[in-house]
Amino acid sequence: MQKVLITGGTGLIGKHLCVFLKTKGYEVRLLSRNQNLNSEYETFIWNIDKQIIDEKAFENLDYIIHLAGAGIADKRWSKKRKEEIVRSRIQSTELLYKTVKKLQTPLKAFISSSAIGYYGAISSDTIFKEDDKAGDDFISNVCQLWEKAAFQFQQESIRTVAIRTGIVLSKKGGALSKMKTPIVTPIGSGKQYMPWIHMNDLCEIYRKALEDINMTGVYNGVAPEHQTNASFSKLLAKFINRPFLSIAIPAFILKILFGEMAAILIYGSRISSQKIQDVGFSFTYPKFDDALKNLNQNEI
């Protein structure tokens, strides 16, 4: 049985990925700040700030999936919060790398999360591909540092993959839950794009990254269909049976409420999924309405 160590296993993606991989026959282990004796997965303790980690987690290990990191949109971006967002990603990756190198763990692959924020919080005519240049704002800088830390594993001849994820559609939690307001409205201009992906498809991308030895480097984890904020909101309102108001929430109100973080809501460009499809990945939910239909029924 292949053994996978997952960080960030209690987060939105992590919870689903643990269940998904277990059903596919993987032995799932977790790295956590707290010991959960009731967890169905073997859990090992680490402390990123103190750079402490239980080395037993790496015994006979085949893969690491690294999802840990402070939530980008959980809190307003104060100076302290920005430092936490960066530190939680970079120091955690550094600790994993240092431990793998020290123990000479013969990993088959290191798979890291990243984000489409790499390309910058902008609205552009460009359909961004993996080899396009990075943006120059805060989130873009975070993603660049994040990926740079992850690809250190290549120095140990370990196949390394980073998944630049868009908005993840899940029945419980995540963006959809926050958008299920009594009246659904667009935000900002409504013309900004919202690259999205169904949770099941994202889990399948991670599984492919584990199993496909030809996968290496960066891949965009987004569905092939492009939706603007307005079209996204209108379809969502239809499927959750809520009124849709075409009058958008003005950008200046979002800036007052969220400060600098409002940029990730106000701006957005199309992101290409061609590279992941070129390596043989087929989306189960390539269209937004099909994804919503499924989420209204069941998930994973």
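Thresholds applied
Residues numbered from 1 in each chain as written. Predicted model: local features only at pLDDT ≥ 70, side-chain atom pairs only at ≥ 80, totals over all residues. Heavy atoms only, no water. Core = buried A, V, L, I, M, F, W, Y, C linked by side-chain atoms within 4.5 Å. Buried < 20%, exposed > 50% of the residue type's maximum accessible area, 1.4 Å probe, protein only. Helix = DSSP H or I, 4+ residues; strand = E, 2+ residues; numbered from the N terminus. Contact = heavy atoms within 4.5 Å. Polar contact = N/O pair within 3.5 Å; in protein donor to acceptor, adjacent residues only side chain to side chain. Pairing = 2+ DSSP bridges. Phe/Tyr/Trp six-rings, centres within 6.5 Å; stacked < 30°, edge-to-face > 60°. Lys NZ or Arg CZ within 6 Å of the ring centre and 35° of its normal. Axes fitted to C-alpha atoms, helices over the stretch in contact; angles between N-to-C directions. Left-handed = near helix turned anticlockwise from the far one by under 90°. Nonpolar A, V, L, I, M, F, W, Y, C, P; charged D, E, K, R; others polar.

## Observations concerning the nonpolar core
Inside soluble globular proteins, nonpolar side chains tend to come together where they are buried. In this structure, Ile6, Leu17, Leu21, Ile65 and Ile111 are the most contacted members of the largest nonpolar core, which totals 32 residues. Broken down by secondary-structure element, the contributors of at least two residues to this core are β1 (3–7), α1 (12–23), β2 (27–32), β5 (63–66), β6 (109–115), β8 (160–165) and α5 (199–211). The leading source of residues in this core is α5, at 7 residues. Each residue touching Leu17, except ones within four places of it in the same chain, is listed here: Ile6, Ile65, Leu67, Cys203 and Tyr206. Leu31, Ile48, Leu95 and Leu96 belong to the second-largest nonpolar core, a separate cluster that totals 20 residues.

## Looking at the side chain of Ser88
Within the secondary structure, Ser88 sits in helix α2 (residues 79–103). The exposure class of Ser88 is buried, given its relative accessible area of 14%. Side-chain polar atoms of Ser88 contact the backbone oxygen of Ile85, separated by 3.1 Å.

## Digging into the pairing of strand β11 (residues 217–221)
With 5 of 5 residues buried, β11 lies mostly within the body of the structure. When β8 meets β11, the two strands line up parallel, connected through 5 bridges. Note that in β11 the partner of Thr165 across the bridge is Gly221.

## A few points about the packing of aromatic side chains
Within this structure, the stated rule accounts for 8 aromatic pairs. An angle of 90° between the planes, with centres 5.0 Å apart, marks the rings of Phe281 and Phe283 as edge-to-face. Residue class for Phe281 comes out buried when judged on its relative accessible area of 8%. Over the ring of Tyr118 we find Arg164, and its NZ or CZ is 3.5 Å from the ring centre. Stacked on the ring of Tyr219, the Lys or Arg Lys275 has its end atom at 4.5 Å from the ring centre.

## With respect to the packing of α1 against α5
Viewed as axis vectors pointing N to C, α1 and α5 meet at an angle of 65°, and their least axial separation amounts to 10 Å. Considering only the axes of α1 and α5, their crossing is right-handed. In this structure, α1 contributes Leu12, Ile13, His16, Leu17, Phe20 and Leu21 to the contact, and α5 contributes Met199, Leu202, Cys203, Glu204, Tyr206, Arg207 and Leu210. In terms of residue class, the contact of α1 with α5 is built from 10 nonpolar, 1 polar and 2 charged.

## Digging into the sheet that holds strand β3 (residues 42–47)
Within a beta sheet, neighbouring strands are joined by backbone hydrogen bonds and run either parallel or antiparallel to one another. With mixed pairing, 8 strands are arranged side by side in an open sheet as β4-β3-β2-β1-β5-β6-β8-β11. The sheet is open, and its two edges are formed by β4 (52–53) and β11, each paired on a single side. For β3 and β4, the ladder comprises 2 bridges, and the chain directions are antiparallel. Within the sheet, the bridge partner assigned to Trp46 lies in β4 and is Ile53.

These figures capture arrangement, not role.
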